[in-house]
Structures are given as structure tokens and as C-alpha cells.
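# Observations on the model geometry
Residue strings, one per chain:
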Amino acid sequence: MDLVLTEDCLYLNALPDAVEIEMVTPLSAVSRALDEGAPNELMEAVGLFLSCVLPVAREMPGDLAEAVTELRFSLRAEYVARGRAGRADQAETSFI
């Protein structure tokens, strides 16, 4: 976020218009959720961000595209980990 949402807006203004349009509002929501320390809202905001920017990812500069890809795979790994933990909890409670 610091890469895009900076005080001088040079990076943001240098982005292709389609990328800038798709990412500014959802990225602001991610920033707000981070500031508030709300994990559920953060996950929702990141999901919204990814759904908005993935269609324009090919138009992004390399560093931004790489950061979006890393975020996408990190989020996917978190969902997988949560799913496994949930299934383990269900298996334990079924024996009680």
C-alpha cells in the first residue's frame, strides 16, 4: 500500500488509468482495515481489492504486479490453513 498510496502520488499518477481506477478505492479500504486492526474486515477488503485488480494485472508495472501476486497467494494459503484447522476441529469434536 505504501508503494501506491503515498503523499506525493507520483507512483499512483504514473499507473495506467485502468489500473489506477480499479485499485484506489479497494486499496484505501485495505488501508483503513489495517489501521483499525479488524481482521475480518481486512480479509474482506483484500478479497475486494484482488477481485478488482486481477483483471488489470497485465497492465501493472512489474513491482506492483509481483506484490499483487504475492498477496493473492498469501491469501489463498491463509484460506487453506483455516480450512484445514476447521476440519481438524470438527474431527476432534465428533469424538466427544
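In this text, all values refer to a predicted model and were calculated from it rather than measured experimentally. (Residues numbered from 1 in each chain as written. Predicted model: local features only at pLDDT ≥ 70, side-chain atom pairs only at ≥ 80, totals over all residues. Heavy atoms only, no water.)

A few words on the overall build of the protein chain. Across its full length, the protein chain carries four helices and zero strands. Shown N-terminal to C-terminal, the secondary structure of the protein chain runs as helices and strands in the order α-α-α-α. Split into buried and exposed, the 96 residues of the protein chain put 26% on the buried side. For the protein chain, long-range pairs separated by at least 24 residues make up 50% of all intrachain contacts whose partners lie at least 6 apart in sequence. Looking at the protein chain as shown, the accessible area adds up to about 6600 Å², and 56% of this sits on carbon and sulfur atoms. (Helix = DSSP H or I, 4+ residues; strand = E, 2+ residues; numbered from the N terminus. Buried < 20%, exposed > 50% of the residue type's maximum accessible area, 1.4 Å probe, protein only. Contact = heavy atoms within 4.5 Å. Areas by Shrake-Rupley, 256 points an atom, 1.4 Å probe, with all protein chains shown as cover.)

All right, on to the confidence of the model for the protein chain then. If pLDDT is low for a region, its predicted coordinates should not be looked at in detail. Averaged over every residue, the pLDDT of the protein chain is 80; the share at 70 or more is 74%. Averaged pLDDT values over the elements of the protein chain bottom out at 73 in helix α4 (residues 62-94) and peak at 91 in helix α3 (residues 39-53). In the model, residues 92-96 has pLDDT below 50 throughout and makes zero contacts with residues more than four positions away in sequence or in other chains. (pLDDT = per-residue confidence, 0-100.)

Two elements in contact, helix α2 (residues 17-36) and α3, have axes separated by 8 Å at closest approach and are oriented at 165°. Overall, the two elements α2 and α3 adopt an arrangement that is roughly antiparallel. Along this stretch, α2 crosses α3, giving a crossing that reads as left-handed. Every residue of α3 that contacts α2 at Glu22, Met23, Pro26, Leu27, Ala29, Val30, Ala33, Leu34 and Glu36 is listed here: Glu41, Leu42, Ala45, Val46, Leu48, Phe49, Cys52 and Val53. (Axes fitted to C-alpha atoms, helices over the stretch in contact; angles between N-to-C directions. Parallel < 35°, antiparallel > 145°, perpendicular 65-115°, else oblique. Left-handed = near helix turned anticlockwise from the far one by under 90°.)

Here α2 contains 20 residues, and its C-alpha end-to-end distance of 29 Å stays within 8% of the 28 Å for a straight helix at 1.5 Å per residue. Helix geometry: α2 is bent most strongly at Val24, by close to 35°, with proline Pro26 lying one to four residues after it. The complete set of buried residues in α2 reads Val19, Met23, Pro26, Leu27, Ala29, Val30 and Ala33. Just downstream of α2 lies Gly37, where phi reads positive at about 65°. (Expected span 1.5 Å × (residues − 1). Bend = angle between axes of the 7 residues up to and from the residue.)

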